[in-house]
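# Examining the three-dimensional arrangement
The residues making up each chain are set out below.
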Amino acid sequence: METYIVDWISLIVRWLHVITGIAWIGASFYFMWLDNSLEEPPQWKKDKGIKGDLWAVHGGGIYEVAKYQGAPEKMPDHLHWFKWEAYSTWLTGMVLLAVIYYLGAESYLIDRRVADLSSWQAITLGLSFLVGSWLAYTVLCVSPLAKNGWLLAAVLLIFGGGLAWGLSQFFSGRGAYIHFGAIIGTIMVGNVFQVIMPGQRKLVGALEAGEAPNPHWGARAKLRSTHNTYLTLPLLFIMISNHYPMTYGHAFNWAILLAIVVITAVSRQYFVLRQVHINRPAILGAAIAATVVLAAWMAPKVMVSPQSDLTASELAQRAHSIIRERCSSCHAAMPTDDVFTIAPGGVMLDTVAQMQQWAPRIKARSIDSHDMPFMNKTNMTDEERAIVAQWISAGSSAG
């Protein structure tokens with residue numbers, strides 16, 4: 001019953017996390033597009049203080065959006081602040097991190113093949129990475145490096161590479177990836193909470209008082225907002241990465257993570273430029289080419305099965321026995337595992353027919369990558385993997 005309750009909490013919080021994440025990133029994309037799409041207004045609008053405007057059609061209606069250079073003639077009674085989307089996404093994400101990776105540290109966060117940690121050691125390390133990364137990022141953004149955007153980006157990329165490598169030395173592949181994503185999310189929401197929102201409050205306060213806003217507020221907010229823009233696609237990848245063990249389960253998972261961060265950030269640059277009517281298809285082409293190269297480099301090596309004197313029937317029986325012993329504690333109609341009380345992904349391997357049905361997936365998860373058995377908790381050996389691989393390559397016969 002405890003596992004059932006935790007599953008429901010996870011479902012509800014994950015659902016809310018996705019909803020609020022869509023709202024936050026959607027608003028970010030929209031305002032980036034809006035700011036880049038504003039057109040120069042006619043003179044009579046400029047006389048009213050309007051810097052740029054935009055006409056659009058949506059939902060059966062015509063909209064006019066205007067951006068003021070300073071304050072409008074009269075400040076509105078209600079001014080909407082876009083902040084709760086960011087805060088809600090981060091809060092639900094942290095609850096998910098705690099429920100899945102901290103309460104379930106032994107199952108999801110700790111991989112004793114990587115580091116032999118206790119639950120409290122792993123949790124303390126995870127939180128330390130979160131807090132330390134935010135502090136380091138903040139220091140870099142207020143340092144002289146902030147005066148040169150490209151130099152700051154290069155230093156942050158190096159820092160990100162070191163961070164990805166460091167996480168991979170302590171946590172499971174999934175745990176390392178999700179903490180890297182949590183760090184990105186923390187940086188993004190920290191930018192909103194500590195820089196962007198305070199800057200906007202000071203801006204509105206100055207306008208209401210009839211004073212000229214300090215341009216430093218806008219410059220700081222612009223820098224952090226730009227960072228958030230380029231971090232959105234990497235963060236979205238990490239949110240779905242646990243479905244793809246070919247990435248986090250790779251021996252060089254940290255390098256793959258860094259490569260995908262760069263590729264997705266570069267892809268974002270293409271769309272940002274498109275919004276200001278600059279078409280650079282070479283940027284998108286380079287991102288696609290880099291993805292192809294990365295996929296080719298990551299491709300699983302062909303497992304050469306040792307010569308065996310087993311007949312086809314004996315090979316099948318041996319493979320079936322291995323799958324039952326190493327996989328069916330979780331992947332069964334009635335799992336005996338202490339964590340998974342329902343077959344993950346609905347994959348059941350009780351019968352030979354089911355093993356044949358799921359043979360391609362067994363190959364992908366247990367042969368091409370060693371993601372399964374989960375954390376190798378049933379101690380599947382390389383020799384056993386080779387036998388199963390040989391059985392699959394021979395056509396997954398029933399024996």
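Everything that follows concerns the structure shown earlier in this document.
Residues numbered from 1 in each chain as written. Predicted model: local features only at pLDDT ≥ 70, side-chain atom pairs only at ≥ 80, totals over all residues. Heavy atoms only, no water.

## Details of the overall build of the protein
Note the cut-off: We count a stretch as a helix when DSSP gives it H or I for four or more residues in a row; a strand needs E for two or more, and each element gets its number in order from the N terminus. Summary of the burial criterion: residues with accessible area below 20% of their type's maximum are buried, those above 50% are exposed, and those between are partly exposed, where the area comes from a 1.4 Å probe applied to protein chains only. A contact between two residues is defined here by any heavy atoms of the two lying within 4.5 Å. A 1.4 Å probe and the Shrake-Rupley method give the accessible areas. Residues count as covered only by the protein chains that appear here.
Across its full length, the protein holds 15 helices and 2 strands. Across its three principal directions, the C-alpha atoms of the protein cover 90 × 45 × 45 Å. Among the 399 residues that make up the protein, the fraction classed as buried is 41%. Put simply, 65% of the contacts in the protein that link residues at least 6 apart link residues at least 24 apart. Within the structure as shown, the protein displays about 22200 Å² of accessible surface, and the carbon and sulfur contribution to it stands at 65%.

## A word on the side chain of His 331
The test is simple: Pairing of N or O atoms within 3.5 Å defines a polar contact, subject to two protein rules: one partner must be a possible hydrogen donor and the other a possible acceptor, and residues neighboring in sequence count only if both atoms are side-chain atoms.
Within the element layout of this structure, His 331 appears in the loop between helix H12 (312-327) and helix H13 (352-357). Residue His 331 is classed as buried on the basis of its relative accessible area, which comes to 14%. Side-chain polar atoms of His 331 contact the backbone oxygen of Val 347, separated by 2.8 Å. Leave out the neighbours within four places in its chain, and His 331 touches Ala 343, Pro 344, Val 347, Met 348, Leu 349 and Asp 350.

## Some thoughts on the packing of aromatic side chains
The following threshold applies: Working definition: a ring pair exists when centres of Phe, Tyr or Trp rings (six-membered ring for Trp) sit within 6.5 Å. Plane angles under 30 degrees give stacked, over 60 give edge-to-face, the rest tilted.
Enumeration over the complete set of coordinates arrives at 16 aromatic pairs. Taken together, Tyr 30, Phe 31, Trp 33 and Phe 82 form an aromatic cluster joined through their ring pairs.

## Let's talk about a nonpolar patch on the surface
As a reminder, the rule being used: Residues forming no salt bridge and having over 30% relative accessible area are the ones grouped into patches, like charges within 9 Å of each other and nonpolar side chains (Val, Leu, Ile, Met, Phe, Trp, Tyr) within 5 Å. What counts as a salt bridge is simple: a side-chain nitrogen of Lys or Arg found within 4 Å of a carboxyl oxygen of Asp or Glu.
Taken together, the side chains of Tyr 4, Ile 5, Trp 8, Ile 9, Leu 11, Ile 12, Trp 15, Leu 16 and Ile 19 present a nonpolar region at the surface, about 920 Å² in accessible area. You can see Ile 9 is positioned in helix H1 (residues 2-37). Residue classification places Ile 9 among the partly exposed residues on the basis of a relative accessible area of 39%.

## Looking at the pairing of strand E2 (residues 61-68)
Note the cut-off: Pairing between strands requires that DSSP locate at least two bridges from one strand to the other.
Bridge count for strand E1 (residues 50-58) against E2 is 8 bridges, and the pairing is antiparallel. By the bridge assignment, Val 57 is partnered in E2 with Ile 62. Hairpin remark: E1 followed by E2, antiparallel, with 2 residues in the connecting loop; positive phi at Gly 59, about 60 degrees.

## Observations concerning the pattern of salt bridges
Taken as a whole, this structure holds 13 salt bridges when the rule is applied. Across the salt bridge formed by Lys 74 and Asp 77, the nearest N and O atoms sit 3.8 Å from each other. As far as the burial class goes, Lys 74 and Asp 77 line up, both exposed. Because the salt bridges share partners, they merge into one network encompassing Lys 45, Asp 53 and Glu 64.

## Considerations on the nonpolar core
Inclusion rule: Think of a nonpolar core as a cluster: buried Ala, Val, Leu, Ile, Met, Phe, Trp, Tyr and Cys residues, connected wherever their side-chain atoms sit within 4.5 Å.
Residues Leu 167, Phe 171, Phe 180 and Leu 257 are the most contacted members of the largest nonpolar core, which totals 61 residues. Considering every element that reaches this core, the biggest residue donor is helix H7 (residues 173-208), with 12 residues. Setting aside anything within four residues of it in sequence, one finds Leu 257 in contact with Ala 164, Tyr 177, Phe 180, Phe 237 and Ile 238. Among the nonpolar cores identified, the runner-up in size contains 18 residues, and Val 347, Leu 349, Ile 367 and Ile 392 belong to it.

## Thoughts on the packing of H7 against helix H10 (residues 253-275)
For the record, the criterion: In this description, a line fitted to the C-alpha atoms serves as the axis of each element, helices being fitted only across the stretch in contact, and the angle between N-to-C directions of two axes falls anywhere from 0 to 180 degrees. Take the far helix as your reference; a near helix turned counterclockwise from it by less than a right angle gives a left-handed crossing, and one turned clockwise gives a right-handed crossing. Amino acid classes used here: Ala, Val, Leu, Ile, Met, Phe, Trp, Tyr, Cys and Pro are nonpolar; Asp, Glu, Lys and Arg are charged; the rest, including Gly, are polar.
The geometry of H7 relative to H10 is characterised by a closest axis approach of 11 Å and an angle of 30 degrees between their N-to-C directions. In this structure, H7 meets H10 at a crossing whose hand is right-handed. Two secondary-structure elements touch here, H7 through Gly 173, Tyr 177 and Phe 180 and H10 through Asn 253, Ile 256, Leu 257 and Val 261. Its residues assigned to classes, the contact of H7 with H10 comprises 5 nonpolar, 2 polar and no charged.

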